[in-house]
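Structural description and commentary
Now for the letters of each chain:
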Amino acid sequence: MKKNVTMTSSGPIGIFDSGYGGLTILKAIREQLPEYDYLYLGDNARAPYGTRSFDIIYRFTLEGVRELFDRGCRLVILACNTASAKALRTIQQRDLPTIDPTRRVLGVIRPTVEALSCSATGNVGILGTVGTIASRSYEMEIAKLYPLYKTTTRACPLWVPLVENAETDGDGARFFVDKYINALFNDNPAVDTIVLGCTHYPLLLPLIEKAVDGRARILTQGDIVAASLADYLHRHPEIESRCSKTGEITYLTTENPEKFSNLARVFLDTDINVHHIDISQ
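Cut-offs used in this document
Residues numbered from 1 in each chain as written. Predicted model: local features only at pLDDT ≥ 70, side-chain atom pairs only at ≥ 80, totals over all residues. Heavy atoms only, no water. Pairing = 2+ DSSP bridges. Helix = DSSP H or I, 4+ residues; strand = E, 2+ residues; numbered from the N terminus. Axes fitted to C-alpha atoms, helices over the stretch in contact; angles between N-to-C directions. Contact = heavy atoms within 4.5 Å. pLDDT = per-residue confidence, 0-100. Polar contact = N/O pair within 3.5 Å; in protein donor to acceptor, adjacent residues only side chain to side chain. Expected span 1.5 Å × (residues − 1). Buried < 20%, exposed > 50% of the residue type's maximum accessible area, 1.4 Å probe, protein only. Phe/Tyr/Trp six-rings, centres within 6.5 Å; stacked < 30°, edge-to-face > 60°.

With that out of the way, let us pick up the sheet that holds strand β9 (residues 249–253). As summarised here, the arrangement of the 6 strands in space is β4-β3-β1-β2-β9-β10, forming an open sheet in which the pairing is parallel. The open sheet has two edge strands, β4 (104–106) and β10 (274–276), and neither has a second partner. Ignoring which end each strand starts from, the neighbouring axes of this sheet average 25° apart. Of the strand pairs in this sheet, strand β3 (residues 75–78) and β4 are connected by 3 bridges, and their pairing is parallel. Bridging from a neighbouring strand, isoleucine 77 pairs with leucine 106 of β4. Helix α11 (residues 221–235) contacts β1 (13–17), β3 and β4 of the sheet and is inclined by roughly 155° relative to β3.

What follows concerns the confidence of the model for the protein chain. Atomic detail in the predicted coordinates should be set aside for any region of low pLDDT. Taken residue by residue, the protein chain gives an average pLDDT of 94. The fraction at 70 or more is 97%. Under a pLDDT of 50 for its full length, residues 1–7 has, in the predicted model, 15 contacts with residues more than four places off or in other chains.

Glancing now at the side chain of threonine 254. Position of threonine 254 relative to the elements: it lies in the loop between β9 and α13 (257–268). At 2.9 Å, the side chain of threonine 254 and the side chain of aspartate 43 are in polar contact. Once residues lying within four places of it in the same chain are set aside, the contact partners of threonine 254 are Gly42, Asp43, Asn44, Ala45, Arg46, His276, Ile277 and Ile279.

Here the focus is helix α2 (residues 54–70). Here α2 contains 17 residues, and its C-alpha end-to-end distance of 24 Å stays within 8% of the 24 Å for a straight helix at 1.5 Å per residue. What α2 keeps buried is the set Ile57, Tyr58, Phe60, Thr61, Leu62, Glu63, Gly64, Val65, Glu67, Leu68 and Phe69. For α2, the secondary structure elements touched by its buried residues are β1, β2 (38–42), β3, α3 (81–86), α4 (88–99) and β4. Positive phi appears at glycine 72, one or two residues downstream of α2, with a value of about 105°.

Counted according to the given criterion, the structure contains 10 aromatic pairs. When the ring of phenylalanine 16 is compared with that of tyrosine 49, the centres are 6.4 Å apart and the planes differ by 45°; the resulting orientation is tilted. Here the residue phenylalanine 16 occupies a position in strand β1, and tyrosine 49 occupies one in the loop between β2 and α2, the gap between them amounting to 33 residues. For the pair phenylalanine 16 and tyrosine 49, one class covers both residues: buried. Measuring from centroid to centroid gives 6.2 Å for tyrosine 20 and phenylalanine 267, while their planes differ by 10°, and the two rings are stacked. In this pair, tyrosine 20 is assigned in the loop between β1 and α1 (22–32) and phenylalanine 267 in helix α13, connecting sequence segments 247 residues apart. Neither tyrosine 20 nor phenylalanine 267 differs from the other in exposure class; each is buried. Counting every residue linked through ring pairs, the aromatic cluster contains Tyr20, Tyr40, Tyr251, Phe260 and Phe267.

Right, dumping it as structure tokens:
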């Protein structure tokens, strides 16, 4: 049941994703900030977002954000690169002022790009879904922060299906990991830092590390986003004070709860209770 909240009430930190990958972000955040309450919403019934248009992704993401707001969240993290790329800025600039200017929505792209300061040569690679790469969001954000960097991108459309079918260590997974990593280095052999710009990709990390073979540093988003969130809460006590702290977590999905729970084990290594909701309007 949705809750109507007052401006002074507290609530959980919302985590929104189009599906399962955001669980890797949630896992890292909970490890760094276990005292807070969290409400995870996966829009699995309408996933994947990556191949959809800007307007559809924006509408779906806004529906998810509103749902989390209605359930008491004062702060929502878009733990989805596609939603962060195609919906975050519009929601921040156009919708929040009318919904509630005291609430906040944050994404995963900006903190990930900030972490690229570790690059020694300024040659960075971005691996992501078709939608994230086509949006050029990483390239634009990198150009703002590091105008002298050279950014090389590569879409990896088969990596998410491999993860969601629990095929993360077989011959097929190795073939497609090697294929996309080799293509990235063929485009720019000087790449020294690689961003895994999709929250599913950490589950392929052992194969990715083997394919990269020490040629570049690999950045995964979970720890980066968790550290960024901790810093944000420290710098914004007016938001932090409205985040409830009992260490509880609730999972919601727009798909079949049993299906979500079964696949969530791949990401969380534990069993969870999940509730079904409908957020479509």
